[in-house]
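Chain by chain, the residues run as shown.
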Amino acid sequence: MRILTKTLTMAIAVALVILVLLLCACQKSDSENKINVQSDTLYVEKVENMPKDFILGMDASCVPSLEASGVKYYDHNGEEKDVYEILSANGINYIRVRIWNDPFNASGQGYGGGNCDIENAVKIGKRAAKYGMKLLVNFHYSDFWADPAKQMVPKAWKNMNIEDKAEALYAYTRESLNKLKKAGADIGMVQIGNETNGAMCGEFSTELGGWEKITRLMSAGSKAVREVCPNALVAVHFANPEKVSNYVSYSTNLDYYGVDYDVFASSYYPFWHGTLDNLAEVLSDVAEKYNKKVMVAETSYAYTAQDTDFYGNTIGDGGGIVKNYPFTIQGQSNLVRDVVNTMVNKTTNGIGVFYWEGTWISVGGESYEDNLALWEKYGSGWAASYATEYDSEDAGKWYGGCAVDNQAFFDAQGKATEALKVFGLLREGNNIYK
Ligand code: CA
């Protein structure tokens, strides 16, 4: 009887300890998930009606190559931290990562731009999940940059007919998503192609049967996503919303050929892509006509005109300033706020906004040559000389460093700028003039 009482007492004690531990763990995760961003200097006008699950995303694909080059990241207090933790603590809830099939030459030297293969995406997917962020998997279906100017087929798929290419794309998508899932990435969305303006994976709408081929490839990718990640959204992605009837044409072709997708995504660079009112109008048209979700998959703006890595920036000293948005911390923050407000309040079915490569900064070094050595070795510039074999016309001529270091949310030393706080302040606003 005494033994029984003793056992019972011990069991109750153990149960109590477990209960206390569980309560502590719950409280810890509550406090960890809470965004507590404050600023005395950044004015942020509140975005009304913002859904709780609205996507505030960041493309941060280059981080591992930058870290290999020696870059370190620091939070607003100057404390060195995992940059994905810093992003999460500042209100970012989604990470976007691009994937190139094989961004290496035969000797294994990387093409640059982060050498973003599936292994790189696995590293990032794990880290994003660790800090509670979902992953947007962005397949370019190319060995290097895919955008409106180029949609080059991967080396391994070069001489395939459309049937074989669709099969290869389907298998590759399945295999890649399975690797990410296995690594613990929280895949929320998968993008089938990048800025596929009438071209994808070496197929072009200007050629006979072009759209049929492009949409066939998109359908193969979509099918793989539905099978491997049934809860993930399937996104398609285009650019140049400012061009009259572009999105009407793309969405009509997707509908005609029956591509199964959920999200029609657009790039929106304010220095190239027209007004926000136009963006809202063309995306709302697609959303309403085909009952789709819409979002901004890429946007960015400069906080300074200065370049920090001896490789010229896309916008900056050379121009690109947009009316009402000076190249300042406040100007960059205002741009982000206005893009988010447009998607929340002026666009039908707007689900989110992703900022492009807000973590891509200078790798340091006091001279062009010092920087170049790191870009070549670790792929931390936009292109390395090794990309010449694949893309002789562009990368082969202009390879070099980062063209967006002045559009990041981290300064040249890796410290978070005040503008990064905009994401955490949007929901409530931050009236510093009170
Ligand atoms: Ca630069």
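Just so it is clear, the model here is predicted, and its values are computed rather than measured.

*Asks:* Would you mind going over the overall build of the protein chain with me for this structure?
*Replies:* Regarding its fold elements, the protein chain presents twelve helices and ten strands. In summary, the protein chain has a C-alpha radius of gyration of 23 Å against a globular reference of 22 Å for 434 residues, a match within 12%. Buried residues in the protein chain amount to 56% of all 434 residues. For the protein chain, contacts bridging at least 24 residues in sequence account for 78% of all contacts bridging at least 6. For the protein chain, the exposed area adds up to about 19,300 Å²; of that, 52% sits on carbon and sulfur atoms. Positive and negative side-chain charges of the protein chain, numbering 40 and 54 respectively, have mean locations separated by a distance of 8 Å.

*Asks:* Is there a simple way to explain the nonpolar core in this structure?
*Replies:* It is characteristic of soluble globular proteins that their nonpolar side chains tend to be buried jointly. Grouped together as the largest cluster of nonpolar side chains are 124 residues, with contacts concentrated most on Leu 180 and Phe 264. With near-sequence residues (within four places) excluded, Leu 180 lies in contact with Ile 99, Ile 118, Ala 121, Val 122, Leu 135, Val 137, Ala 185 and Ile 187.

*Asks:* I keep staring at the packing of helix H8 (residues 276-290) against helix H9 (residues 329-346) and nothing clicks. Help me out?
*Replies:* Any two packed helices are characterised by the angle at which their axes cross and by the distance between the axes. Across the interface, H8 lies against H9 with an axial gap of 10 Å and an inter-helix angle of 35°. The hand of the H8/H9 crossing is right-handed. Here Leu 276, Asp 277, Leu 279, Ala 280, Leu 283 and Ser 284 of H8 lie close against H9, whose contacting residues are Asp 338, Val 339, Thr 342, Met 343 and Lys 346.

*Asks:* Would you mind going over the coordination of the calcium ion with me for this structure?
*Replies:* Put simply, the ideal angle at a metal is 109.5 degrees for four donors in tetrahedral geometry and 90 or 180 degrees for six donors in octahedral geometry. Summarising the metal site, the calcium ion is bound by the protein donors Asp 307 (OD), Asp 309 (OD), Tyr 311 (O), Asn 313 (OD1), Cys 402 (O) and Asp 405 (OD), whose distances to it range over 2.2 to 2.4 Å. Each donor residue of the calcium ion belongs to the same chain, with the gaps between them written as D-x1-D-x1-Y-x1-N-x88-C-x2-D. Given a relative accessible area of 19%, Asn 313 falls into the buried group.

*Asks:* Just checking my understanding: could you explain the sheet that holds strand S1 (residues 55-59) for this structure?
*Replies:* Sheet strands line up and pair through hydrogen bonds in the backbone, either parallel or antiparallel. Spatial strand order, S1-S2-S3-S4-S7-S8-S9-S10: eight strands in a closed barrel with parallel pairing. Sheet twist, expressed as the average angle between the axes of neighbouring strands with direction ignored, equals 25°. Pairing of strand S7 (residues 233-238) with strand S8 (residues 263-267) involves four bridges; the strand directions are parallel. Its bridge partner lying in S8, His 237 is registered against Ala 265. The sheet strands contacting helix H4 (residues 118-130) are strand S2 (94-99) and strand S3 (134-139), and the helix crosses S2 at an angle near 175°. Of the strands in this sheet, S2, S3 and strand S4 (187-192) are in contact with helix H5 (residues 162-182), which crosses S3 at around 155°.

*Asks:* Is there a simple way to explain H8 in this structure?
*Replies:* A turn of α-helix holds 3.6 residues, and therefore any two residues three or four places apart point the same way. In this model H8 runs 21 Å from its N-terminal to its C-terminal C-alpha over 15 residues, within 8% of the 21 Å that 1.5 Å per residue would give. On its buried face, H8 is in contact with helix H7 (246-256), S8, strand S9 (293-298) and H9. Asn 291 sits one or two positions beyond H8 and adopts a positive phi of about 55°.

*Asks:* How should a negative patch on the surface be read in this particular structure?
*Replies:* Together, Asp 277, Glu 281, Asp 285 and Glu 288 give the surface a local cluster of negative charge. Along the polypeptide, Asp 285 turns up in helix H8.

*Asks:* Sorry if this is basic, but what is going on with the environment of Asp 143 here?
*Replies:* Looking at the element boundaries, Asp 143 is found in the loop between S3 and H5. Once the C-alpha coordinates of Asp 143 and Ala 387 are considered, the two residues, 244 residues apart in sequence, prove to be 9.5 Å apart. Residues contacting Asp 143, with those up to four places away along its chain left out, are Trp 100, Asn 101, Asp 102, Pro 103, Tyr 111, Met 152, Pro 154, Lys 155 and Tyr 390. Of note is the side chain of Asp 143, whose polar atom sits 2.8 Å from the backbone nitrogen of Lys 155.

*Asks:* Explanation requested: the packing of aromatic side chains in the structure shown.
*Replies:* Where two aromatic rings form a pair, the distance of their centres and the angle of their planes describe that pair. Tallied over the full model, the rule gives 32 aromatic pairs. Residues Phe 139 and Tyr 172 carry aromatic rings whose centres are separated by 5.9 Å and whose planes lie at 70° to one another, so their mutual orientation is edge-to-face. Of the two residues, Phe 139 sits in strand S3 while Tyr 172 sits in helix H5, which places them 33 residues apart along the sequence. Residue classification places Phe 139 among the buried residues on the basis of a relative accessible area of 0%.

*Asks:* Is there a simple way to think about the confidence of the model for the protein chain in this case?
*Replies:* Low-pLDDT portions of the prediction should not be read for the details of their coordinates. Across the protein chain, pLDDT averages 94, with 92% of residues at or above 70. Every residue in residues 24-33 is under pLDDT 50, and counting partners more than four places away or in other chains gives zero contacts.

*Asks:* Would you mind going over the pairing of S7 with me for this structure?
*Replies:* On a regular strand, each side chain points to the face opposite its neighbour's, so the side chains alternate between the two faces of the sheet. Taken across its six residues, S7 has five buried, putting it largely inside the fold. Regarding the hand of the β-α-β motif, the stretch spanning S7, H7 and S8 is right-handed.

*Asks:* I'm lost on the packing of H7 against H8 in this one. Help?
*Replies:* One can describe the packing of H7 onto H8 by two numbers: an axis separation of 10 Å at closest approach and a directional angle of 20°. When the interaxial angle is binned, H7 and H8 end up roughly parallel. H7 and H8 meet at a crossing whose hand is right-handed. Contacts between H7 and H8 involve Tyr 247, Ser 251, Thr 252 and Asp 255 from the former and Val 282, Leu 283, Val 286 and Tyr 290 from the latter. Per-class residue counts for the contact of H7 with H8 are five nonpolar, two polar and one charged.

Thresholds, definitions, all that
- Residues numbered from 1 in each chain as written.
- Predicted model: local features only at pLDDT ≥ 70, side-chain atom pairs only at ≥ 80, totals over all residues.
- Heavy atoms only, no water.
- Helix = DSSP H or I, 4+ residues; strand = E, 2+ residues; numbered from the N terminus.
- Rg over C-alpha atoms; globule rule 2.2 N^0.38 Å.
- Buried < 20%, exposed > 50% of the residue type's maximum accessible area, 1.4 Å probe, protein only.
- Contact = heavy atoms within 4.5 Å.
- Areas by Shrake-Rupley, 256 points an atom, 1.4 Å probe, with all protein chains shown as cover.
- Lys, Arg positive; Asp, Glu negative; His and termini not counted.
- Charge placed at Lys NZ, Arg CZ, Asp CG, Glu CD.
- Core = buried A, V, L, I, M, F, W, Y, C linked by side-chain atoms within 4.5 Å.
- Axes fitted to C-alpha atoms, helices over the stretch in contact; angles between N-to-C directions.
- Left-handed = near helix turned anticlockwise from the far one by under 90°.
- Donors = N, O, S within 2.8 Å, 3.2 Å for Na, K, Ca; no water.
- Pairing = 2+ DSSP bridges.
- Expected span 1.5 Å × (residues − 1).
- Patch = residues over 30% accessible without salt bridge, like charges linked within 9 Å, V, L, I, M, F, W, Y side chains within 5 Å.
- Salt bridge = Lys/Arg side-chain N within 4 Å of Asp/Glu carboxyl O.
- Polar contact = N/O pair within 3.5 Å; in protein donor to acceptor, adjacent residues only side chain to side chain.
- Phe/Tyr/Trp six-rings, centres within 6.5 Å; stacked < 30°, edge-to-face > 60°.
- pLDDT = per-residue confidence, 0-100.
- Right-handed = clockwise from strand over helix to strand, strands pointing away.
- Parallel < 35°, antiparallel > 145°, perpendicular 65-115°, else oblique.
- Nonpolar A, V, L, I, M, F, W, Y, C, P; charged D, E, K, R; others polar.

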